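What the coordinates show
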Amino acid sequence: MGIDGAGLATMLARTVGFAGLAMFAFWSGRLCLNLGALKGFGGSLRKIVHVGGPAALSNAINPAGMALVTSAVAVVGDTAVAGFGAATRVQSLVFVPMLALSAGIGPVVGQAWGAETPERAQATVRLTFWLCAGYGAALCGVLWAFADPLAQLVADGQAAAELAAQYLRVVSVSFFGYGILITANAAMNARDRALWSMGLSAARIALVYVPLAWVGVMLMGYPGILAAAAAIANLAAVWGALVLCQAVGLLDLKLPGVSGPARRLQPAD
């Protein structure tokens, strides 16, 4: 069935997985049907949508932006698209630990803020940012050493593999920045600042990455796109994450380039 078969298999796997979990939850007593639980459902739904709506859009912004960047890569040629796509598949895999951090930080920050211990929320955010920085540095070293064999595994053809390896070496310098971005977004969602996190993601894609990718490809070709991703977009996201987290009370930094803009954005609670 070709690509249709892959889509059908994904749908069936998720349906069967959901059905299995639901049956287990009912049989083990972890889930039961009780209409009394619907009391106050409207108010709860509004609170969920208030955070969940912008958070869902934040998760959709990056794939949409990558589609626009891929169209810029297509200007270079089919081989560049193949190499770029192969490299981003490797990127998705190596991002998993940072995605795990972004999934874990929300409950911790939310509980700490709800318990009126903002200093613990701030310590959590600082630790997570340092973990992203440390993992990103280690990852950069590994990819610089092994970019060629990794690219050969995922790319079809020598030319595409060379372009994929080039992406992994250059852009890996800024991988830590993307980790800080997504963990900052999760922390701000837990702080009930989902619109702030969505704005940060949107600004990175719409104001920095996509425009500079097109400018870069016109001026420098394929390396220009890599520069837009590594040297500018992900690093700009770090600054934005620090400023916004400081503004909403999730950080307490004494950096002039962060504290000043954060004070001007300070929300009135």
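For the structure, check the block above.
Please read these numbers as outputs of a predicted model, since none were measured by experiment. (Residues numbered from 1 in each chain as written. Predicted model: local features only at pLDDT ≥ 70, side-chain atom pairs only at ≥ 80, totals over all residues. Heavy atoms only, no water.)

With that settled, the discussion passes to the nonpolar core. Counting 70 residues, the largest nonpolar core has Phe84, Tyr209 and Leu250 as its most contacted members. Sorting elements by how many residues they give to this core places helix α9 (residues 222–247) first, with 15 residues. Leaving out residues up to four positions away in the same chain, Phe84 has contacts with Met66, Val69, Thr70, Val73, Tyr167, Tyr209, Tyr222 and Ile225. (Core = buried A, V, L, I, M, F, W, Y, C linked by side-chain atoms within 4.5 Å. Buried < 20%, exposed > 50% of the residue type's maximum accessible area, 1.4 Å probe, protein only. Helix = DSSP H or I, 4+ residues; strand = E, 2+ residues; numbered from the N terminus. Contact = heavy atoms within 4.5 Å.)

This brings us to unusual backbone geometry. Here Glu116, not a glycine, exhibits a phi torsion of approximately 60°, which is positive. Turning to its location among the elements, Glu116 is positioned in the loop between α4 (96–114) and α5 (118–154). Although it is not a glycine, Asp192 sits at a positive phi angle of roughly 65°. Within the secondary structure, Asp192 sits in the loop between α7 (175–190) and α8 (194–220). Here Asp192 falls in the partly exposed class, since its relative accessible area comes to 38%.

On to the packing of helix α2 (residues 41–73) against helix α3 (residues 78–94), then. In the contact formed by α2 and α3, the axes pass within 9 Å of each other and the chain directions differ by 145°. Both α2 and α3 take part in a crossing whose hand is right-handed. In this structure, α2 uses Met66, Val69, Thr70 and Val73 to contact α3, whose residues at the interface are Ala80, Val81, Phe84 and Thr88. Class assignment for the residues of the contact of α2 with α3 results in six nonpolar, two polar and no charged. (Axes fitted to C-alpha atoms, helices over the stretch in contact; angles between N-to-C directions. Left-handed = near helix turned anticlockwise from the far one by under 90°. Nonpolar A, V, L, I, M, F, W, Y, C, P; charged D, E, K, R; others polar.)

This part takes up α8. One turn of the α-helix equals 3.6 residues, which is why residues spaced by three or four share an orientation. The end-to-end C-alpha distance of α8 is 36 Å, a good match for the 39 Å that 27 residues give at a rise of 1.5 Å each. Roughly 30° is the biggest bend found in α8, and it falls at Ile205. If you check which residues of α8 are buried, you get Ala194, Ser197, Leu200, Ser201, Arg204, Ile205, Val208, Tyr209, Val210, Ala213, Gly216 and Val217. Following α8 by one or two positions, Gly221 adopts a phi angle in the positive range, close to 75°. (Expected span 1.5 Å × (residues − 1). Bend = angle between axes of the 7 residues up to and from the residue.)

A few words now on the environment of Thr79. In this fold, Thr79 is placed in helix α3. With 84 residues separating them in the primary sequence, Thr79 and Leu163 have C-alpha atoms 8.2 Å apart. Beyond its immediate stretch of four places on either side in the chain, Thr79 contacts Ala159, Ala160 and Leu163.

Now for the pattern of salt bridges. Counted according to the given criterion, the structure contains two salt bridges. One salt bridge in this structure joins Arg169 and Asp148, with 2.7 Å as the shortest N-O distance. With a gap of 21 residues between them, Arg169 in helix α6 (residues 158–171) and Asp148 in helix α5 connect regions that are remote in the sequence. Note that Lys254 is salt-bridged to Asp252, the shortest N-O span being 3.5 Å. (Salt bridge = Lys/Arg side-chain N within 4 Å of Asp/Glu carboxyl O.)

This part covers the layout of surface pockets. What the largest pocket holds in volume is close to 440 Å³. Lining the largest pocket are 20 residues, and of these Ser58, Asn59, Ser102, Ile182 and Asn185 lie nearest its centre. At the level of elements, α2, α4, α7 and α8 are the ones that each hand at least two residues to the lining of the largest pocket. Each residue belonging to the lining of the largest pocket can be placed in one class, and the counts come to 11 nonpolar, eight polar and one charged. (1 Å grid on protein atoms, 1.4 Å probe; cavity = no way out; pocket = protein on both sides within 12 Å on 5 of 7 lines; lining within 4 Å. Points joined across faces, edges and corners; volume = space filled by probe spheres on them.)

Moving on to the state of the cysteines. This model, assessed by the stated rule, comprises zero disulfides. Cys140 carries a free sulfur, and the closest cysteine sulfur to it, the one in Cys132, is 15 Å from it. (Disulfide = S-S within 2.5 Å.)

A separate point is the packing of aromatic side chains. A ring pair, where both rings are aromatic, is described by two values, the distance of the centres and the angle of the planes. Evaluated as defined, the whole model comprises three aromatic pairs. Following the ring pairs from residue to residue traces out a cluster consisting of Phe95, Phe175 and Tyr178. (Phe/Tyr/Trp six-rings, centres within 6.5 Å; stacked < 30°, edge-to-face > 60°.)

What follows deals with a nonpolar patch on the surface. Residues Val75, Trp214, Val215, Met218, Leu219 and Met220 make up a contiguous nonpolar surface patch of about 630 Å² in total accessible area. Along the chain, Met218 turns up in helix α8. (Patch = residues over 30% accessible without salt bridge, like charges linked within 9 Å, V, L, I, M, F, W, Y side chains within 5 Å. Areas by Shrake-Rupley, 256 points an atom, 1.4 Å probe, with all protein chains shown as cover.)

Note on placement: Ser102 falls in helix α4. We classify Ser102 as buried; its relative accessible area is 16%. Among the polar contacts made by the side chain of Ser102, one reaches the main-chain carbonyl oxygen of Leu99 at a distance of 2.6 Å. (Polar contact = N/O pair within 3.5 Å; in protein donor to acceptor, adjacent residues only side chain to side chain.)

Assignment of secondary structure puts Ile3 in helix α1 (residues 3–27). Looking at Ile3, the relative accessible area reads 71%, which means it is exposed. Sequence-wise, Ile3 and Ala229 are 226 residues apart; in three dimensions their C-alpha atoms are separated by 30 Å.

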